[in-house]
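Here is how the chains run, residue by residue.
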Amino acid sequence: MELSGGQILVECLKSEGVDTVFGYPGGAVLHIYDALYQQEHVNHVLVRHEQGAVHMADGYARATGKPGVVLVTSGPGATNAVTGIATAHMDSIPLVVFTGQVHSALIGNDAFQEVDNVGITRPCVKHNFMVKDVRDMAETIKKAFYVATTGRPGPVVVDIPKDVTDPKVKVPFEYPEKVAMRSYQPTEKGHSGQIRKAVDLIVNAERPMIYTGGGVILGRAADELTHFTRKLGYPITQTLMGLGAYPANDKQFLGMLGMHGTYEANMGMHHCDVLIAIGARFDDRVTGDLSKFCPHAKIVHVDIDPSSISKNVIVDVPIVGAVKSVLTEMIELVNQAGGAKKTKELESWWDQIEQWRGMKCLEYKWSDEIIKPQYVVQKLWEVTGGDAFVTSDVGQHQMWAAQYYGFNKPHRWINSGGLGTMGFGLPAALGAKWAFPDEEVACVTGEGSIQMCSQELSTALQYQLPIKIVSLNNGYLGMVRQWQEFFYSGRYAMSYMESLPDFVKLAESYGHVGMRIEKPSDVEGALREAFAMKDRLVFMDFQTDPEENVYPMVPAGAGLNEMILL
Amino acid sequence: MRHIISILMENEAGALSRVAGLFSARGYNIESLCVAPTHDESLSRLTLVTSGDEQVIEQIVKQLNKLIDVVKVQDMADTAHIERELMLVKLQAFDAVREEVYRLADIFRGQVIDVTESSYTVQLVGPGSKLDAFIDALGSIPVVEIVRSGALGISRGPRGMLVPEV
């Protein structure tokens, strides 16, 4: 079969089982768009800004576990995509991003819409390629999907000069069935000796703590984690990225840890004698001051990426391998050992934890007058039965969503944890809704974040993606304001927006439903009304307490046991 | 501590920039960097000299291994090895100085490879410390320019860096 480069690209996507490309056309990718137009297997979602395309593909990938696919043009198309690519990179999300490039003969000549895509994206991708010859197209795409989805996943950029997709140049096409790279062979199976050593430490722990991250979700190991945790009866805490991998409504779950983690989780970390870290990377938002981190603990660390191990915290038993495979082996060994051994010590450890839990660190001051943002998230949980896909932007609302929406399933909580990208929530929600049209999808956001990608409200109308936007509008860039209150004597430098759009009218002008909610007594009703409109996007503009802070808080430079409580 | 790290990479366009970019992005030092093709035309051998404590070097090796184009990484400090560097030094050489330069080059087993009425260019091979010693020994002899290749390293014994099977 002889095909052009554009046709080959489409055929490769079909072979990879790609159902949707999120993108935006332009000069350098016109041949590819023409090939897409002439087939019916691969859908295309036309966004309004390339950043939106990448976040949408990212939301789709996080919700489904499948790689997200993006197609953008050269120059500004590619540079607009960079924020989205970096976002996916920091959270290890598998994406394949096709960027157009100017004609090969023009590369390096400062041609119209030329930019060095490979150079610009290099530090924020797992890998990138430039296809220089149409005969390399199929193999390169095969490698791109392979690299993006295996090992520690991540975004891969494939840069394609326009002449490579010339419809007049046709070459024989065959999609490679397999791919093998001598330079890239991720370790799946953990070292059995290390696993044995770890389990020995684990079952003999007196004050254990299980700490898990996004790796458990990416590695589809939530069931194994749940089994492992229940078998041992140990307390478990999760990072922002790890929420949902263990049911939040279970007694063994202590909530999120870290900067805005719960008192019980952070105190548990500080006092534990064995820390079992699984698919987590000891991020600075989790550890606080490294010199004060888990001072009493022997640490077991399971991660598929060797460079995550002993990067920030030196660990005692490192295990490189896929979380699912390692946990399966661990469960077997824990069973053989007859489960946890130190029954008596564990009992007093749980007593201690229950005392910490008794502090009720997530309680907040109720008001009849003004809407508390935490309350909105709690009601959102109730109205959606705790089972919605929830995306967020970045800031206070993100923390409240993480703290108050108890995620019981993996893949349901979708947020930009690593890069902290404002503007992520709306397009990510649209990507999730595209993947799961029958599920409820809510975007918890704020009036600052939503304006960073609000143009995608237009995409939502075009493709009938009736998500629900829960905007916690406090008139401030809330997290910035909170830091200014705590650490800059209340000098609120540029954290107040003196002019905001009328969000009801904004939603309406894009063809959606807008609501403005001002009283606490109206919160639940508004949410119920909004979610009852199954086929409409509803933008709920909640007027919330401008001075509310996220508690608890571990200030930068403090240890996890040095929290600010309400 | 100073480490010589040897890297076998796929001989692809941009491979070098991935290594250089990694070092600048993560704030690691590069003292020198040397890259050239090998007897296997699909591979490049890259030798870099860096410094850092044990944890930093461990991260450097891991991060290098994480680069998709990197086939093999070896910290030469882990094995008995030989270090060599090539240096070309152009010196102003008049009258009595000419004799002095010639003698110094001889002591350091260097060769004079270019001569003019007013200059000598000396070629010298050895570990970096030997080249430094030569520069020190020149004393007040005026240097026009110095070109150094950066260190190369190779392990002692019959075995080479193994390329993993696919």
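Bear in mind that the values here come from a model prediction, so they are computed numbers and not experimental data. (Residues numbered from 1 in each chain as written. Chains lettered and ligands numbered in written order. Predicted model: local features only at pLDDT ≥ 70, side-chain atom pairs only at ≥ 80, totals over all residues. Heavy atoms only, no water.)

Caption draft 1: Structural view of the pattern of salt bridges. In total, this model carries 41 salt bridges over all chains according to the counting rule given. Between A:Asp305 and B:Lys66 there is a salt bridge, with the nearest N and O atoms lying 2.8 Å from each other. Here A:Asp305 is found in the loop between strand 13 (298–303) and strand 14 (317–320), whereas its partner B:Lys66 is found in helix 2 (residues 54–66) on a different chain. Judged by its relative accessible area of 4%, A:Asp305 is buried. A salt bridge links A:Lys372 to A:Glu548, with the nearest nitrogen and oxygen atoms 2.9 Å apart. Placement of the pair is A:Lys372 in the loop between helix 13 (343–357) and helix 14 (373–383) and A:Glu548 in the segment after strand 20 (538–543), with a sequence separation of 176 residues. For A:Lys372, a relative accessible area of 8% puts it in the buried group. Members of the salt-bridge network, linked through shared partners, are A:Lys379, A:Glu382, A:Glu524 and A:Arg528. (Salt bridge = Lys/Arg side-chain N within 4 Å of Asp/Glu carboxyl O. Helix = DSSP H or I, 4+ residues; strand = E, 2+ residues; numbered from the N terminus. Buried < 20%, exposed > 50% of the residue type's maximum accessible area, 1.4 Å probe, protein only.)

Caption draft 2: Representation of the sheet that holds strand 13 of chain A within the structure. All names here are of chain A. Ordered in space as 11-10-9-12-13-14, the six strands form an open sheet in which the pairing is parallel. Edge positions in the open sheet fall to strand 11 (253–256) and strand 14, since each of these has one partner strand only. Strand-to-strand twist in this sheet, taken as the mean axis angle between neighbours without regard to direction, amounts to 15 degrees. Bridge analysis of strand 9 (residues 208–212) against strand 10 (residues 236–238) gives three bridges, and the strand direction is parallel. Residue pairing in the sheet places Ile210 in a bridge with Ile236 of strand 10. Each of strand 9 and strand 11 is contacted by helix 13, which is oriented at about 45 degrees to strand 11, the strand it contacts most. (Pairing = 2+ DSSP bridges. Axes fitted to C-alpha atoms, helices over the stretch in contact; angles between N-to-C directions. Contact = heavy atoms within 4.5 Å.)

Caption draft 3: Spotlight on the sheet that holds strand 18 (residues 468–473) of chain A. All names here are of chain A. Pairing is parallel in the open sheet, where six strands are placed in the order 16-15-17-18-20-19. Since the sheet does not close on itself, it has two edges, and those belong to strand 16 (413–414) and strand 19 (513–517), each with one partner. Helix-sheet contacts for helix 20 (residues 523–532) involve strand 17 (441–445), strand 18, strand 19 and strand 20, and the interaxial angle to strand 20 is about 170 degrees.

Caption draft 4: Broad picture of the packing of aromatic side chains. Applying the stated criterion to the full structure yields 20 aromatic pairs over all chains. A centroid spacing of 4.8 Å and a plane angle of 70 degrees characterise the contact between A:Trp366 and A:Tyr375, whose relative ring orientation is edge-to-face. Each ring, one from B:Phe23 and one from B:Tyr28, has its centre 5.6 Å from the other, and the planes form 80 degrees; the classification is edge-to-face. Taken as a pair, B:Phe23 and B:Tyr28 share a single burial class, namely buried. Just above the ring of A:Phe389 sits the side chain of A:Arg412; from NZ or CZ to the centre is 4.2 Å. (Phe/Tyr/Trp six-rings, centres within 6.5 Å; stacked < 30°, edge-to-face > 60°. Lys NZ or Arg CZ within 6 Å of the ring centre and 35° of its normal.)

Caption draft 5: Just the confidence of the model for chain B, in detail. Here chain B averages 95 in pLDDT, and 100% of its residues register 70 or above. With pTM at 0.96, the complex prediction returns an ipTM value of 0.92. (pLDDT = per-residue confidence, 0-100.)

Caption draft 6: Region of interest: the pairing of strand 18 of chain A. Residues and elements named next belong to chain A. Most of strand 18 sits out of view: six of its six residues are buried. With burial as the criterion, each face of strand 18 is covered, one bearing Lys468, Val470 and Leu472 and the other bearing Ile469, Ser471 and Asn473. Considered for its hand, the β-α-β crossover made up of strand 17, helix 17 (residues 456–462) and strand 18 is right-handed. Note: strand 18 against strand 20, six bridges, orientation parallel. (Right-handed = clockwise from strand over helix to strand, strands pointing away.)

Caption draft 7: Inspection of the interface of chain B and chain A at higher detail. If you look at the interface, chain B gives 23 residues, while chain A gives 20 residues. Between chain B and chain A lies a buried interface of about 1,800 Å² when both sides are counted; carbon and sulfur atoms form 49% of it. Scanning the region where chain B abuts chain A turns up two salt bridges. Between B:Glu10 and A:Arg182 there is a salt bridge, with the nearest N and O atoms lying 2.8 Å from each other. Taken together, the elements giving at least two residues each to the side of chain B that touches chain A come down to helix 1 (15–25), helix 2 and strand 4 (70–75) of chain B. Looking at the side of chain B that touches chain A element by element, the count peaks at six residues for helix 2 of chain B. Residue classes in the side of chain B that touches chain A are distributed as nine nonpolar, six polar and eight charged. (Buried area = accessible area lost by both parts, 1.4 Å probe. Nonpolar A, V, L, I, M, F, W, Y, C, P; charged D, E, K, R; others polar.)

Caption draft 8: Geometry of helix 15 (residues 396–404) of chain A. In terms of burial, helix 15 of chain A is largely enclosed, as nine of its nine residues are buried. Of all the residues in helix 15 of chain A, the buried ones are A:Gln396, A:His397, A:Gln398, A:Met399, A:Trp400, A:Ala401, A:Ala402, A:Gln403 and A:Tyr404.

Caption draft 9: Molecular detail of the nonpolar core. Residues and elements named next belong to chain A. The biggest cluster of nonpolar side chains holds 71 residues, and the ones touching the most others in it are Phe228, Ile278 and Met330. At seven residues, helix 12 (residues 323–336) tops the list of elements feeding residues into this core. Ignoring any residue separated from it by four or fewer positions in sequence, one finds Phe228 in contact with Ile202, Ile210, Ile276, Ile278, Leu327, Met330, Ile331 and Val334. Within the second largest apolar cluster, 44 residues are counted, among which are Phe22, Ala53, Val70 and Ala86. (Core = buried A, V, L, I, M, F, W, Y, C linked by side-chain atoms within 4.5 Å.)

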